[in-house]
Amino acid sequence: MKHIVGVALVVIILTMLVGILLNTMGLLPDVASLQGRYIDDLFQVHTWIIAFLFALIIGFMLYSIIVFRRKEGDDSDADHIEGNNKLEVTWTVVPLITVLGVAALGANTLSKVTAMDPQAMEVKVVGQQWAWRFEYPEAGVVSDVLMLPQDQQALLLMESADVIHSFWVPEFRVKQDLVPGITTEVRITPTELGEYTVRCAEVCGLQHTYMLADVKVVPEAEFSNWLASEALVADDPVARGQKVYEQYGCKACHSLDGSQLVGPTFLDAFGHTVTLEDGTTVVADETYLYQSIVDPNSQIVQGFVAAMPQNFSEQLSDEQISDLIAFIKSLSDN
Ligand code: CUA
């Protein structure tokens, strides 16, 4: 009896120490979604179960090692025990009930995490080596930032353009694979305003580590404004072209104010007569601009070097190239 009380005390104290340690050491970032809260509740239950089982095994072992160690001068053998039915049934039934209990808790949490809100806003998520794209089909908006209104469920419908990727925002807790050929889904109700990062959680090739995108959770009104202004951009080839100019690195080498950087300025470039390296002249029309984007080395402007990446025909769609040309045209009086 004395030993049972002793070992129970050790187990209780060890459980408290390990449980408090696990729950206060900040294993997870601050939670920022409704689904994440359910997962954190489950996680907390699990850490206490883990703490208790750890204490049960380690506590018994330490107690036995210290209290039942060999006494000085005692060379006798220990008792030989052959089976103990009561003990064996106990240590089979108790873990069985524990595991079934954990399974029930898990199923309950899963049903809460995947609970549908019929009002949910649909966002299409496309993963490709190595970038994320977010489409808001109702507004016809495509964005490289995932904008989400606070306290409204978003249904992310996810597709991959090539290999398996995995959508993961640690603060939202939920994680879902993007699998070529099928559409997977995940539901997120962001509860905290702020900026987060989508990480790809499936090794998907060379730049996997850098497959990141910004997530912004904003108030409902701000979200509506953003969506409306993006929808305007989506309707205007010049505005779309400006986005291409900003997002695909054009602006690093081509100014909009006439100053000469690595490449010719875009100001008044359209309709201008250009002298090429070999002395010939050509008028910068749509054909010339298209050619300069998809095969830049074919016509180097006099005074410049062949420094432009030659893969824009792969990086940009034909529509993006024509948007970019529309943007360049808009910068010219010619
Ligand atoms: Cu996509 Cu890793």
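Not measured: the values here are computed from a predicted model.

Undergrad: Please clarify how the packing of helix 4 (residues 220–235) against helix 5 (residues 237–247) should be interpreted in this entry.
TA: When two helices pack together, you describe them by how their axes are tilted relative to each other and by the distance separating the axes. The contact between helix 4 and helix 5 brings their axes to 5 Å, and the two run at 100°. In terms of orientation, helix 4 and helix 5 fall into the roughly perpendicular class. In this structure, helix 4 uses E230, V233, A234 and D235 to contact helix 5, whose residues at the interface are P237, A239, R240 and K243. The residue inventory of the contact of helix 4 with helix 5, partitioned by class, reads four nonpolar, no polar and four charged.

Undergrad: Looking at this structure, I do not really get the nonpolar core. What am I missing?
TA: It is characteristic of soluble globular proteins that their nonpolar side chains tend to be buried jointly. In this structure, W132, F134, Y136, L146, L156, F167 and F172 are the most contacted members of the largest nonpolar core, which totals 36 residues. Sorting the residues of this core by element identifies strand 1 (121–128), strand 2 (131–136), strand 4 (146–149), strand 5 (154–160), strand 8 (184–188), strand 9 (194–200), strand 10 (212–218) and helix 4 as the ones contributing at least two each. In this view, L156 contacts V123, V125, L146, F167, T184, E185, V186 and I188; residues no more than four positions away in its chain are not counted. Core analysis: the next-biggest nonpolar cluster, separate from the first, contains 23 residues, Y245, F270, L289 and I328 among them.

Undergrad: Sorry if this is basic, but what is going on with the sheet that holds strand 5 here?
TA: In a beta sheet, neighbouring strands pair by backbone hydrogen bonds and run either parallel or antiparallel. A sheet is described by the order of its strands in space; here five strands give the open sequence 3-2-1-5-8, paired in mixed fashion. On the outer flanks of this sheet lie strand 3 (141–143) and strand 8, each paired with one strand and no other. Between one strand axis and the next, the sheet turns through 25° on average, direction left out of account. In terms of strand pairing, strand 1 meets strand 5 through seven bridges, oriented parallel. When the sheet's bridge partners are listed, V125 is paired in strand 5 with M158. Taken strand by strand, helix 4 contacts strand 1, strand 2 and strand 3, and its axis lies near 105° from that of strand 3.

Undergrad: When you look at the packing of aromatic side chains in this model, what are you seeing that I'm missing?
TA: Where two aromatic rings form a pair, the distance of their centres and the angle of their planes describe that pair. In the structure shown here, the tally under the stated rule is eight aromatic pairs. Taken together, a centroid distance of 6.0 Å and an interplanar angle of 35° make the contact between F223 and W226 tilted. Residue F223 and its partner W226 are both found in helix 4; the two are separated by three residues, about one turn of the helix. An angle of 50° between the planes, with centres 5.7 Å apart, marks the rings of Y245 and F266 as tilted. Linking Y245 in helix 5 with F266 in the loop between helix 5 and strand 11 (273–275), this pair joins segments that are 21 residues apart in sequence. Accessibility classification places Y245 together with F266 in one group, the buried group. Within the aromatic cluster, the residues linked to one another by ring pairs are Y136, F223 and W226.

Undergrad: Help me understand the domain arrangement of the chain, please; the structure alone is not making it clear to me.
TA: Often the size quoted for an interface is simply the accessible area lost on bringing the parts together. Taken domain by domain, the chain comprises domain 1 (2–66 + 85–113), domain 2 (121–231) and domain 3 (237–330). A C-alpha centroid distance of 34 Å is found between domain 1 and domain 2. Together, the buried faces of domain 1 and domain 2 total about 1000 Å²; carbon and sulfur atoms form 52% of this surface. Our enumeration of links across domain 1 and domain 2 arrives at two salt bridges.

Undergrad: Which parts of the structure should I look at to understand helix 8 (residues 318–330)?
TA: Residues separated by three or four positions in an α-helix point in the same direction, a consequence of the helix having 3.6 residues per turn. Taking 1.5 Å per residue, 13 residues should reach 18 Å; helix 8 reaches 18 Å between its end C-alpha atoms and fits that length. Turning to helix 8, its buried residues are I321, D323, L324, I325, A326, F327 and I328. Buried residues belonging to helix 8 abut helix 5 and helix 6 (286–294).

Undergrad: Explain unusual backbone geometry to me, please; I cannot follow it from the model alone.
TA: Phi is mostly negative for residues that are not glycine, and the peptide bonds are mostly trans. The omega torsion across Q129 and W130 is 0°, close enough to zero to call that bond cis. Along the chain, W130 falls in the loop between strand 1 and strand 2. We note that D151 has phi near 60°; this positive angle belongs to a residue other than glycine. Within the secondary structure layout, D151 lies in the loop between strand 4 and strand 5.

Undergrad: What am I meant to see in the environment of T183 here?
TA: Position of T183 relative to the elements: it lies in the loop between strand 7 (175–178) and strand 8. With 84 residues separating them along the chain, T183 and V99 place their C-alpha atoms 32 Å apart.

Undergrad: Whenever I open this one, the side chain of T15 confuses me. Can you help?
TA: Examined against the element boundaries, T15 turns out to sit in helix 1 (residues 2–24). Once residues within four sequence positions are removed from consideration, T15 is found in contact with W48, A51, F52 and A55.

Undergrad: Quick question: what am I supposed to make of the pattern of salt bridges here?
TA: Side chains that carry opposite charge are capable of pairing whenever their charged atoms lie near each other. In the structure shown here, the tally under the stated rule is eleven salt bridges. A salt bridge links K124 to E135; the nearest nitrogen and oxygen atoms lie 3.8 Å apart. On the criterion of sequence distance, the pair formed by K124 in strand 1 and E135 in strand 2 is long-range, its members being eleven residues apart. For E135, a relative accessible area of 18% translates into the label buried.

Undergrad: Which parts of the structure should I look at to understand the state of the cysteines?
TA: Note on terminology: disulfide describes a covalent bond linking the sulfur atoms of two cysteines. All chains considered together, the criterion is met by zero disulfides. C250 forms no disulfide, and the closest cysteine sulfur to it belongs to C253, at a distance of 9.0 Å. Classification of C250 as buried rests on a relative accessible area of 10%.

Criteria and cut-off values
Residues numbered from 1 in each chain as written. Predicted model: local features only at pLDDT ≥ 70, side-chain atom pairs only at ≥ 80, totals over all residues. Heavy atoms only, no water. Axes fitted to C-alpha atoms, helices over the stretch in contact; angles between N-to-C directions. Helix = DSSP H or I, 4+ residues; strand = E, 2+ residues; numbered from the N terminus. Parallel < 35°, antiparallel > 145°, perpendicular 65-115°, else oblique. Contact = heavy atoms within 4.5 Å. Nonpolar A, V, L, I, M, F, W, Y, C, P; charged D, E, K, R; others polar. Core = buried A, V, L, I, M, F, W, Y, C linked by side-chain atoms within 4.5 Å. Buried < 20%, exposed > 50% of the residue type's maximum accessible area, 1.4 Å probe, protein only. Pairing = 2+ DSSP bridges. Phe/Tyr/Trp six-rings, centres within 6.5 Å; stacked < 30°, edge-to-face > 60°. Domains from an automatic or database assignment. Buried area = accessible area lost by both parts, 1.4 Å probe. Salt bridge = Lys/Arg side-chain N within 4 Å of Asp/Glu carboxyl O. Expected span 1.5 Å × (residues − 1). Disulfide = S-S within 2.5 Å.

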